[in-house]
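Here are the chains, one letter per residue:
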Number of protein chains: 2
Amino acid sequence: MSHGRVTIPTDDTFVEETKQIAKLWGADAIRDCDGVELPKNPKDIAKKVYKTYFVVRGDNEWGRKHREEAHRIFLESNRVTSMTSKISIDVMNGYLQDQIAPDLDNLDRWQVFDRTTGKEIKKWNIDNHNVVFECEPFHEYSVDFMARMTWHPVQIYNYLTNNWTCEKQLCYDPAYPNTRKYIKEYLQKWLDENPDINVVRFTTFLYNFGLVFNNEGKERMVDWFGYHETASVPLLEMFEKETGIHLVAEDFIDDGCYNSPFRLPRENYKKYMRFVMKFVSSTMKELVDIVHKNGREAMMFLGDDWIGSEPYGEYFKEIGLDSVVGSVGGGVTVRMLAEIPHVKIHEGRFLPYFFPDTFFPGNEDNAVAELNKNWNTARRALLRCPLDRMGFGGYLSLAVKYPKFVSRVTEICEEFRNIYDVCEGAKPYAKAKVAILNAWGDLRSWQSHMVAHELWYQQIYSYQGILEILSGLPVDVSFISFDDIINKGINKDIDVIINVGDEQTAFSGGEFWNNEKLISTIRKWVSDGHGFIGVGQPTSCIKGSRTFALSDVLGVDQEKGFTLSQDKYNITKKSNFITNGLSFPIDYGEGMKNIYALENADVLDIIISDRFKRNVNVGEVMLASNNYYNGRGVYIAGLPYSRQNARLLYKAILYACKKETELEKAYCSNINVECNYYSNKNTYVIINNSNSKETTFFYDINGNKTDINLAPLETKWIKCE
Amino acid sequence: MSHGRVTIPTDDTFVEETKQIAKLWGADAIRDCDGVELPKNPKDIAKKVYKTYFVVRGDNEWGRKHREEAHRIFLESNRVTSMTSKISIDVMNGYLQDQIAPDLDNLDRWQVFDRTTGKEIKKWNIDNHNVVFECEPFHEYSVDFMARMTWHPVQIYNYLTNNWTCEKQLCYDPAYPNTRKYIKEYLQKWLDENPDINVVRFTTFLYNFGLVFNNEGKERMVDWFGYHETASVPLLEMFEKETGIHLVAEDFIDDGCYNSPFRLPRENYKKYMRFVMKFVSSTMKELVDIVHKNGREAMMFLGDDWIGSEPYGEYFKEIGLDSVVGSVGGGVTVRMLAEIPHVKIHEGRFLPYFFPDTFFPGNEDNAVAELNKNWNTARRALLRCPLDRMGFGGYLSLAVKYPKFVSRVTEICEEFRNIYDVCEGAKPYAKAKVAILNAWGDLRSWQSHMVAHELWYQQIYSYQGILEILSGLPVDVSFISFDDIINKGINKDIDVIINVGDEQTAFSGGEFWNNEKLISTIRKWVSDGHGFIGVGQPTSCIKGSRTFALSDVLGVDQEKGFTLSQDKYNITKKSNFITNGLSFPIDYGEGMKNIYALENADVLDIIISDRFKRNVNVGEVMLASNNYYNGRGVYIAGLPYSRQNARLLYKAILYACKKETELEKAYCSNINVECNYYSNKNTYVIINNSNSKETTFFYDINGNKTDINLAPLETKWIKCE
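As the structure is a prediction and not an experimental result, all values here were calculated from the model. (Residues numbered from 1 in each chain as written. Chains lettered and ligands numbered in written order. Predicted model: local features only at pLDDT ≥ 70, side-chain atom pairs only at ≥ 80, totals over all residues. Heavy atoms only, no water.)

1. Brief notes about the interface of chain A and chain B
Quoted interface sizes are often the accessible area lost when the parts come together. The following threshold applies: Whether two residues touch is decided by their heavy atoms; if any such pair falls within 4.5 Å, the residues are in contact. By buried area we mean how much accessible surface two parts lose on assembly, using a 1.4 Å probe and totalling the loss over both. By definition here, a salt bridge exists when the distance from a side-chain nitrogen of Lys or Arg to a carboxyl oxygen of Asp or Glu is within 4 Å. Helix and strand labels come from DSSP, where a helix needs a run of H or I of at least four residues and a strand needs a run of E of at least two; each type is numbered from the N terminus. Only Asp, Glu, Lys and Arg are considered charged in this grouping, and only Ala, Val, Leu, Ile, Met, Phe, Trp, Tyr, Cys and Pro are considered nonpolar; every other residue, Gly among them, is considered polar.
Tallying the contact residues gives 73 residues for chain A and 73 residues for chain B. Of the roughly 6,500 Å² buried where chain A meets chain B, counting both sides, 50% is carbon and sulfur surface. Interface area lost by chain A to chain B is led by A:Phe138, A:Trp456 and A:Phe562, which between them contribute 11%. If you look at where chain A meets chain B, you find ten salt bridges. Elements represented by at least two residues in the side of chain A that touches chain B include exactly strand 15 (219-223), helix 14 (516-527) and strand 29 (620-628) of chain A. Its residues placed into classes, the side of chain A that touches chain B shows 23 nonpolar, 25 polar and 25 charged.

This is the structure in structure tokens:
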């Protein structure tokens, strides 16, 4: 049994037991957890000792003394329809009094809008929190106001849920020179007071993502990518000085959309993001330098105040971090963490948390099941790009009471190290190079269609499935933007481009599809022998009779009513390489309405309503393929992650770029089983993703076929001579 | 047993049997049918004798002699993506050679477009049917070309299906003075040759709706409202002279949408429609005058070449018709026919046709079932607004072989006359006045969401259901346009406005919802105590965080991805007047995706996916109501016609305008049973819409409740003292 690469939580009341578990699981690092203290002499337990460190919260004394240096946020008041020609809007309606305070010192940054016409109202007065003005009856109005953050949002949920009574954490903005100086001094002091800590676990840096509570203390808004809290007066002033661009409240409010990552990003917003990234990186670099000067490691938790430190952003490398840690929800989050550049150590925190909601008598099997599910989805991705370390969070004392759980973790830790040993530095065999095309490109690698980190939304799971599937497929994955193609063309390495999402979003592209260069570049590239896969409403940009700009490539379009008069006869399902061997019905998640096939496309799956029988103008295409000169288009209505859907996309990718003959190489025929191959180590790994025994044909890299049996969940290594 | 108001088909081989049936059914009119001749001395059989008359087809000699005066049509070639910098497009690709011939004499009216950029290509040459030009590689191009109609489209389907070999019917355009003169002379000649005919059944007038076949002889395009064949050079020239507007091919092609009635109508197109209506009316007036001078009646078949004679249009009255006849597919078509102004007689042709596809041995029960279904849906509407006459089409000799069928028609004819006797001139009691709001207003009364007259499309039945339901509800129905409201406000009689349809269509309104006057007028009107019902994507006009312009009135909005970050907690279904007593699940047809309730709305029905459990941000609202000051909004995802859905809409209307207490007056509690009341005759009619015996509470106009039993399909009259 090997050792290392595992982090466990502990506390000062649980020292001996922690040592035993550390031995069992091979843990070489310990960490603290909310509400507990690390043991004295922690290095007796493990080589590495992590401790949580907050940069912009935690010192309420500083926060109280410098309330004027608190973070700011731009918020939109509730929208109110006027009944008369005068209106009064209480901006605090619907917001949590304890979280924010309207910033009356910066009233010049407030704006009032007639949301019915879109016009700004310039004449208004304020009376306490009420904005009063003359208006048009039966128009709708709202106020974009600046507020001080008076409670760090990440603390609010736990605080309210657990009825805490401690002081509420204030926060302070290092864009103020005073606070910027202070956070450096405070860090040095903390390092001095914590000599046993060798890893400073930053949780996280300077600006929290958008997280706003309502007047009942429930979450009102959550956007893990939101720049809400960067509404900092000094930052805005610095930005204006540097760029000449005067940002106003509405640049943040964005007609109520708050620059959601689903919106097509506007130029000024993208410029401000870059500016904030530069500021956060340069500020954090100074802190990280202090950490290093003190002989410690700097680790970033990819979670809380991470805005401006986007790991795939241009300035991230300048921070000089040693490591990142983030939670693992499945394959996508593994890849999101594992591929972060410019850090040496990538650590994943696995599920379940050791919390009382999972670890209670009678629930052990569920805990094990959650562990297995998490591991199963993560394992696929680790085999493509391993994490350097794994860990758990919560209270170890809770988990150790359950021996089946402890034993399964022991196995997983060992498997994790085995995977690392083979996969680190070993380029896994890739049958195709796939690029996800959206408005964000590589800045949001492995982050498309996320709202709150990891949360399920009905509107996104059918698209997130594409990334979850890709995270474990034997293909290389990159992320490119529309601007990349418009400015630089398509990298010639790419075999297949995938465009996924709902119409008008940053993910499908919206008005980018009015750009003739984008369209003709992709058409030419596909016609040269490449593949284009569209999912949902790909390339959607309604223009007369056409909804999808690349309907000619995809072979399908969406009926918006304007061409109902035009007969659609292509409604017969055909068999095809992509669907051969798969079981119908296929799970398209939310699917898509009103997709019809163009004349020459191959309909691979179509749902025909049983309300009416006709041989024309019925049916909704779910899956189609289309020959486009020497290349191919493939359309999929939606594709949540499942084992069968993973196989479907795998085959669709190979079909799109005409590599069907590559399928039965380093391949397992059983859809529950996946195979990776590491040529430089002449090693195959075969994983059983199911909880049952499975039998499969295994094809080696030359296509030689053998029978293989796998135990439930087994990872089987085949090292050739 | 009464007599009259019934028309039957006959032919010269079936005289005696026709007389017997005429007696049995009380028929007082006979008509001819395709491929048969009327008997000699037809007036011996019936008082009225109809004969089909074609204005612009039927005389191939004229057509051959004046090929240059054939109808013209603008068509778009197939769209072609260029691979190189030169392209050749064969405009006839995909079109039926026998139907059209490219009009090389009017090449100045052709246009070539780059459909990728939307720009017109001015330099091109033509080589036979191939348009050749230099182009950008990987752009998509098409040619808008003018073609001569060389075969009347209505004949094509029957001709090809039945392998006819007769000469193909040519057509000729009375916009040419020569043809215009000819059609009058021909009519007089025909009247002279047909002295026994006292009703000239025009089938129909001058321009056919859009009906185009593909190269395999299958329908390529059908738009019952399409002005395709009004692409007449003399008409275009007259229009230009009158208005100064030079219409080009693309005004007709409309980026491939051919001015579908689902498109928001453009101003020039609306002006041209008016011009064509004026031309058709003035031309037809001359023909009708000739009919009258000869002592005959002029009847219009609302079906074939009816373009320009829209019965609810401004110029229709000037034609001076005596009667209209049209086919009855259900309640909507009954109302569409029955409410046509400026004609004395409204006749409906009921189903089934007496054709061999229905009348064959062993199929009698199906024939009776089709008859009953047709009668059942029509009866509801007749009780609101009776037709003056009913009839059948096809071959009587086929139908009379089936005694159950003959007997059921006998009953229905008698019921029809009973309904007429009570309802004609008797204003039925209406509990509310409802207006359907769309871009077409009263011009397309009872015609919204139709594609091909009567055909089922998956994209429309969930909206057509609203009209079908309204056709038989005890409410008054009118049709208003956005322009009506913007220019004239809302008629104060109206209690409830209904806006139905998919986003961006003429039916929901698209960019009209950027008009602040429209929005604030409706808001004020609802707040004063009226009701607004939205179905599908009502008032949809995406603007930042809002999708529905009147989301504040409706209490719901549609999530397009841009506000996924904002939490939606209103997901709990409440009981309500509208749904009380109805059975779940309710049939919303195609329903609608991603509808969520605003904070204060009442969710009346919501579908929550079983994929994920959460108490926030899940569920798709199907039905909701919302108090809006003194009025109410109601949202419905879709509502195909069914007996329960009819009750649902009935209650939703009363709820929206706060007339709930009106429900149990002149009302039957059983959803299979409907009641109408005629106060001036102090008479109730109660109909059983089901095939089973039904029991119901019947409430009279004062709310007094009694038990009533009804036989299957029964019509029960209750005349009070």
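Back to the write-up after that little detour.
2. Re the sheet that holds strand 30 (residues 631-636) of chain A
All names here are of chain A. Selection criterion: Here, strands pair whenever DSSP counts at least two bridges between them. Inter-axis angles, ranging from 0 to 180 degrees, are taken between N-to-C directions of lines fitted to C-alpha atoms, where helices are fitted over the stretch in contact.
With mixed pairing, seven strands are arranged side by side in an open sheet as 21-20-22-23-30-29-28. Whereas interior strands pair on both sides, the edge strands pair on one side only; in this sheet they are strand 21 (476-481) and strand 28 (602-607). Neighbour-to-neighbour, the strand axes of the sheet open up by a mean angle of 15°, direction not taken into account. Judged from the three bridges that link them, strand 20 (residues 433-438) and strand 22 (residues 496-501) form a sheet pairing that is parallel. When the bridges of strand 22 are listed, valine 434 appears paired with valine 496. Here helix 16 (residues 643-656) sits on the sheet and contacts strand 20, strand 22, strand 23 (531-536), strand 29 and strand 30; the angle it forms with strand 30, its principal contact strand, is near 155°.

3. Considering the relation of the copies chain A and chain B
The relation between the two copies of this chain is a rotation about an axis and a shift parallel to it. Selection rule: Least-squares superposition aligns the copies on the C-alpha atoms of those residues with pLDDT at or above 70 in both.
For the pair chain A and chain B, the superposition axis carries a translation of 0.0 Å, the fit reaches an RMSD of 0.0 Å, and the rotation angle comes to 180°. Between the two chains, the operation in question is that of a two-fold axis. Proximity to the rotation axis, assessed at the C-alpha, singles out A:Lys593 in chain A; its C-alpha lies 4.6 Å from the axis. Interface overlap between copies is the fraction of interface residues in one copy that are interface residues in the other; for chain A against chain B it reaches 100%, indicating a shared surface.

4. Considerations on the side chain of B:Ser527
The residue B:Ser527 is located in helix 14 (residues 516-527) in this model. Beyond its immediate chain neighbours, meaning those up to four positions away, B:Ser527 contacts A:Met83, A:Phe138, B:Tyr628, B:Tyr629, B:Asn630 and B:Gly631.

5. Notes on the pairing of strand 35 (residues 705-710) of chain B
Residues and elements named next belong to chain B. Bridge count between strand 34 (residues 694-699) and strand 35: six bridges; the pairing is antiparallel. Its bridge partner being in strand 35, glutamate 694 is matched across the sheet by leucine 710. Hairpin connection from strand 34 to strand 35: five residues lie between these consecutive antiparallel strands, with glycine 703 at a positive phi of about 90°.

6. Thoughts on the environment of B:Asp255
For the record, the criterion: N or O atoms within 3.5 Å of each other form a polar contact, as long as, within protein, one can give a hydrogen and the other can take it, and as long as residues adjacent in sequence are counted only when both atoms are side-chain atoms.
Within the secondary structure, B:Asp255 is located in the loop between helix 6 (249-253) and helix 7 (267-293). Placed 111 residues apart in sequence, B:Asp255 and B:Asp144 show a C-alpha to C-alpha distance of 9.5 Å. Ignoring anything within four residues of it in the chain, the contact list for B:Asp255 reads A:Lys543, A:Gly544, A:Ser545, B:Arg79, B:Arg115 and B:Glu250. Of the polar contacts made by the side chain of B:Asp255, one reaches the side chain of B:Arg79; its length is 3.0 Å.

7. Observations concerning the packing of aromatic side chains
Residues and elements named next belong to chain A. The condition is simple: Two rings from Phe, Tyr or Trp (for Trp, the six-membered ring) form a pair when their centres are within 6.5 Å of each other. A pair whose planes differ by under 30 degrees is stacked, one over 60 is edge-to-face, and the rest are tilted. Any residue under 20% of the maximum accessible area for its type is buried, any over 50% is exposed, and the rest in between are partly exposed; the area is computed with a 1.4 Å probe on protein chains only. For a lysine, the NZ atom is tested; for an arginine, the CZ atom; a charge sits over a ring if that atom is within 6 Å of the ring centre and within 35 degrees of the ring normal.
For the structure shown, the criterion picks out 95 aromatic pairs over all chains. Judged by centre distance (5.6 Å) and plane angle (55°), the ring pair of tryptophan 110 and phenylalanine 145 falls under tilted. Taken together, the positions of tryptophan 110 in the loop between strand 7 (100-102) and strand 8 (111-114) and phenylalanine 145 in strand 12 (residues 140-149) put the pair 35 residues apart, joining distant regions of the chain. A residue is classified by how much of its surface remains accessible, and phenylalanine 145, at 0% relative accessible area, is buried. Grouped by ring-pair contacts, the aromatic residues Tyr53, Trp62, Tyr172, Tyr182, Tyr186, Trp190, Phe202 and Phe205 constitute a single cluster. For lysine 651, the ring lying beneath its charged end belongs to phenylalanine 577, and the centroid distance is 5.3 Å.

8. Description of the sheet that holds strand 21 (residues 476-481) of chain B
Residue and element names in this part refer to chain B. Spatially, seven strands are ordered 21-20-22-23-30-29-28 in an open sheet, and the strand pairing comes out mixed. For this open sheet the edge positions go to strand 21 and strand 28 (602-607), each flanked by a neighbour on one side alone. The sheet shows a mean angle of 15° between the axes of neighbouring strands, direction not considered. Bridge count for strand 20 (residues 433-438) against strand 21 is six bridges, and the pairing is parallel. What sits directly across from isoleucine 436, in strand 21, is phenylalanine 479. Packing of helix 12 (residues 461-470) onto the sheet brings it into contact with strand 20, strand 21, strand 22 (496-501) and strand 23 (531-536), and relative to strand 22 it is tilted by some 145°.

9. Remarks on the confidence of the model for chain A
Test applied: Each residue gets a pLDDT score, which is the predictor's confidence in that residue and runs from 0 to 100.
Counting all residues, the mean pLDDT for chain A is 96, and 100% of those residues have values of 70 or more. This prediction of the complex comes with two scores: 0.97 for pTM and 0.97 for ipTM.

10. Things to note about the packing of helix 8 (residues 331-338) of chain A against helix 9 (residues 364-382) of chain A
All names here are of chain A. Applied cut-off: Orientation is classified from the angle alone, with under 35 degrees giving roughly parallel, over 145 giving roughly antiparallel, 65 to 115 giving roughly perpendicular, and any other angle giving oblique. The crossing is said to be left-handed when, going from far helix to near helix, the turn is anticlockwise and less than a right angle, and right-handed when the turn is clockwise.
Two numbers describe how helix 8 lies on helix 9: the axes approach to 7 Å, and their chain directions differ by 40°. With respect to their mutual orientation, helix 8 and helix 9 come out oblique. Crossing handedness for the pair helix 8 and helix 9: right-handed. Here helix 8 contributes Gly331, Val334 and Arg335 to the contact with helix 9, which in turn contributes Thr377, Ala378, Ala381 and Leu382. Classifying every residue of the contact of helix 8 with helix 9 by side-chain character gives four nonpolar, two polar and one charged.

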